[in-house]
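Notes for the structure review
The chain contents come next:
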Amino acid sequence: MPKSQVRRDQFGDVLRTLRLERRLTQEELAEAAGSSVRGIREMERGRVRSPQRRTVVLLADALRLAGADRDRFVALARVERQPHDRVPDDHVAVPDDRIAMPDDHAEVPHGRVPVPHDRPAVVVPGELPAGVPDLAGRAEILERLSALTAEVTAGRPDTASAVVLHGPPGIGKTSLAVVAGHRLSPAFTGGQLFVDLQGVSPDGPVDPAEALAGLLRSLGVPDNRVPVSLAERGGLFRTLTRDRALLVVLDNAASEAQVRPLLPAGRGCLALVTCRRPLTGLAGAVRLPLDLLAPAAGRLLLAAIVGADRVAAEPIAADQLVKLCGRLPLAVRIAGNRLASRPQWSIGWLVDLLHDQRRRLTVLTAGDLGVRSAFEVSYRQLDPMAARVFRRASLIPGTDFEPALVAAVAGIGEETAAAALEELVEAGVLLTVGDRYQFHDLVRLYAQERLDAEEPQACRTGAHDQMVGWLLRRTRQAALMFEPDASRADSPFDDDRAAAYWLDRESGNWLAALRDAARRGRHADVVAVTRALHWYSDANSHLHSWDEIFSLGVAAARAAGSPRDEAVLLNFLGWARYFCRDRNIDGLAALDRALELARLIGDRREEAWALTYTAAILIRIGSGVAAVDNCRRAVGLFREIGYALGENAAASVQGGALAALGRFAEAADLHREVLAFYGHGSGLSRTGTAVARAGAMMSLGADLAGMGQWRAAADEYAHARRLFHRCGATFSEANAIHRYGLALQALGEVDAAAEALGTALALYAALSCPWWEAQTLYALAALAGSAAGGAADARQLRERALDRCGELDAPEVRTLRATLRRELAEF
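All of the points below concern the structure found in this document. It should be emphasised that the depicted structure is a prediction, and the values quoted were computed from it without experimental measurement.

**Considerations on the overall build of the protein**
Along its length, the protein carries 40 helices and 12 strands. Relative to the globule expectation of 28 Å for 827 residues, the C-alpha radius of gyration of the protein, 36 Å, shows a markedly less compact shape. Each of the three principal axes of the protein carries a C-alpha extent, and together these read 115 × 65 × 55 Å. Here the protein holds 827 residues, and 54% of them are scored as buried. With the model as given, the accessible surface of the protein reaches about 35,800 Å², and the carbon-plus-sulfur share is 50%. A distance of 4 Å separates the average location of the 99 positive side-chain charges in the protein from that of its 103 negative side-chain charges.

**Focus on the environment of Y437**
Structurally, Y437 is set in strand β12 (residues 436-438). By relative accessible area, which is 7% here, Y437 ends up buried. Each C-alpha atom, one on Y437 and one on L704, is 49 Å from the other, the two residues being 267 residues apart in sequence. Non-local contacts of Y437, meaning those with residues more than four positions away in its chain, are made with T399, D400, F401, P403, A418, L421, E422, V425, L430, L431 and T432. Looking at Y437, its side chain comes within polar contact range of the side chain of E422, at 2.5 Å.

**Structural notes on the sheet that holds strand β11 (residues 431-433)**
One open sheet holds the three strands; their spatial order is β10-β12-β11, and the pairing between them is antiparallel. Only two strands of the sheet have a single neighbouring strand rather than two, namely β10 (400-401) and β11.

**Let's talk about helix α7 (residues 173-184)**
Between its first and last C-alpha atoms α7 spans 16 Å; for 12 residues at 1.5 Å apiece the expected length is 16 Å, and the two agree. The element α7 is extensively covered by neighbouring structure, given that 10 of its 12 residues are classed as buried. Taken together, the buried positions of α7 are occupied by K173, T174, S175, L176, A177, V178, V179, A180, G181 and L184. Structurally, α7 contributes buried residues whose contacts are with α6 (139-153), β3 (162-166), β4 (192-196), β5 (247-251) and β6 (270-275).

**Focus: the packing of helix α30 (residues 604-620) against helix α31 (residues 624-640)**
Axis separation between α30 and α31 bottoms out at 8 Å; the angle between their running directions is 160°. Compared by their axis directions, α30 and α31 come out roughly antiparallel. For the pair α30 and α31, the crossing hand works out as left-handed. Residue-level inspection shows R604, R605, E607, A608, W609, L611, T612, T614, A615, L618 and I619 of α30 in contact with α31, the latter providing G624, A626, A627, N630, C631, R633, A634, L637, F638 and E640. Residues belonging to the contact of α30 with α31 are distributed by class as follows: 12 nonpolar, four polar and five charged.

The rules behind each value
Residues numbered from 1 in each chain as written. Predicted model: local features only at pLDDT ≥ 70, side-chain atom pairs only at ≥ 80, totals over all residues. Heavy atoms only, no water. Helix = DSSP H or I, 4+ residues; strand = E, 2+ residues; numbered from the N terminus. Rg over C-alpha atoms; globule rule 2.2 N^0.38 Å. Buried < 20%, exposed > 50% of the residue type's maximum accessible area, 1.4 Å probe, protein only. Areas by Shrake-Rupley, 256 points an atom, 1.4 Å probe, with all protein chains shown as cover. Lys, Arg positive; Asp, Glu negative; His and termini not counted. Charge placed at Lys NZ, Arg CZ, Asp CG, Glu CD. Contact = heavy atoms within 4.5 Å. Polar contact = N/O pair within 3.5 Å; in protein donor to acceptor, adjacent residues only side chain to side chain. Pairing = 2+ DSSP bridges. Expected span 1.5 Å × (residues − 1). Axes fitted to C-alpha atoms, helices over the stretch in contact; angles between N-to-C directions. Parallel < 35°, antiparallel > 145°, perpendicular 65-115°, else oblique. Left-handed = near helix turned anticlockwise from the far one by under 90°. Nonpolar A, V, L, I, M, F, W, Y, C, P; charged D, E, K, R; others polar.

If you want it as structure tokens, here you go:
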């Protein structure tokens, strides 16, 4: 060995000489060898004269020793102590100072306790790294672990002895396991072991046999007594743990096969395993998934890092920051660290930086902590097909998606897509929502980065267009299931209910595809899809933004030079504006244009629909006579062209106009005829027929109420409610419950009326229907005011009703607003 004569008792001197020859500090050598500075210092001082072979090999690599020099260095380290040699109690051997990195990337020294070689030692290891002082949002899981520990230490035979803490990268699995370990350590008098299994390391996971060897040494087994085979090591480990209360933290596990041999055998032992996968093949384990932080927990974590005063000074910005971090603990911690290191920054400044999606992952980097690097580790372990699906799925516009859509964007079969999605879930880079899949916001940004970096522009554009085309086709196929006399041939849907289920769940995706098609001038596709959606919209009037959807259709028809399509879609738009958005004046404007176009091109059907929809608005604004006239003309036009469905729709609106004029008996006769028509086969789909029948029942109920027949009216409303509920027509269901409540109020059944109105109010609020909320609140105020001591409640309900009237501008709204202001002034 150069420049030094090796003697058996001078390993520390040799190590120091070689380090100085290479001009390395102890810190630099420790970093290069994956050791600790303390370990290097103790070896150079001669306090550790027989370090572990693995440590010596790493030192030799760091010192770049080769050939005979390397052999002599390793051999010198293997010189054993004489039997009478003892390691003083205050001398600490450091055979393996590898650094374990938890999820939050805090360094974790991993030391071992020295063991005399001539006799077994009773060692109580305490290997848990320092825990983070600012763990937030995990109280419930910590309580569950405490309860489980109590059962384990009580020796109950049916208690699980392994817990898997699983979740995506950066969710804080290791931080939680370490904090939990420290809290639970008093119960485990036999000691606490910690092993980083390096499950997502680029160099591959730790071999179970190697991990067992380390565990055995920690329990006092000397090197020369550690068995060679995995089976023998596992057997000895189980023997040593059988009668002791021991906590084993197995961090960053790769698989069930890696974990199984490392589980202690004693009834008083507990293994805490952290993994990105749930390790479903690990029998008998309790699995605790880690969720994203609740907003309040995110604020607490941020405050613990930057100071409560800074968060209190900018509460809105703090909430925005937690949201932009996706409520991911690692991201919030990094953002907090950046703010803590820059006291001159406001939280709002960092929020502004994070708003730029292109830079967000870069901003969420602080020192050696980085969200991107946490995702990178998982991504690099995916097989090529799963990686392709991961990248391509980032093109999907909605928050969640199904395998069929992924198959379309990735250009693969649905079964292949489903298998790849499950692999992504197992890898922790994709979430599941029921039977659907979802990206975490930050993971989606990373997937988009990989797509841009790894696939050419032509491929990205082709995949996007393929996805949009598939969504438009599937949307039109689903919508056509609601058409009168629709053909089920060659449809991917069994019936209209299956079609509605798909349209409801995929609305975020197909609406985005429709917008994309409109922006890119795919006029024929936009017209075809929006026209097909009409009958579906009848049953789902307040579920989607129909005014936007039909506006896209109108613009596309106009751009394509198709006045017939434009007239059709203007009628749909007029309906959406008045019925779905309570914008009567805007609705009339669209219908006037539809009527003009229909007459210009001689389309009597669309002329009749324009007259019918206009009549519905005229009823609302108090022009019942004009509404009756419109409907009579519409009925005549529909009858001329032999369109019975339209004729009965117009007749139903005519009945509503007659009722508005106080001609309730005539209205009831008309509505009974309409109800009979829908009961004898209208050609509508099953859902469409049910919705139409329920609508006629609502109209008949209003006629009966007008004649003072409140019990009969309540029965009609109750029947209509059941039909609407069965069809998923939530707004119409709320309408039926509302009117049912008013009928009960008229019958003097106050408690039942209040219950019904409260149910209707909740549905209206969920659908964001302010005008209908206002009416319901006003009815509830009347009920409260009639009760003893209910004046305060009545006033509060009126104030809420006035607030919900907002800026709406329609005659009926203005009337209610004036009434509310007058009544509030009288209190």
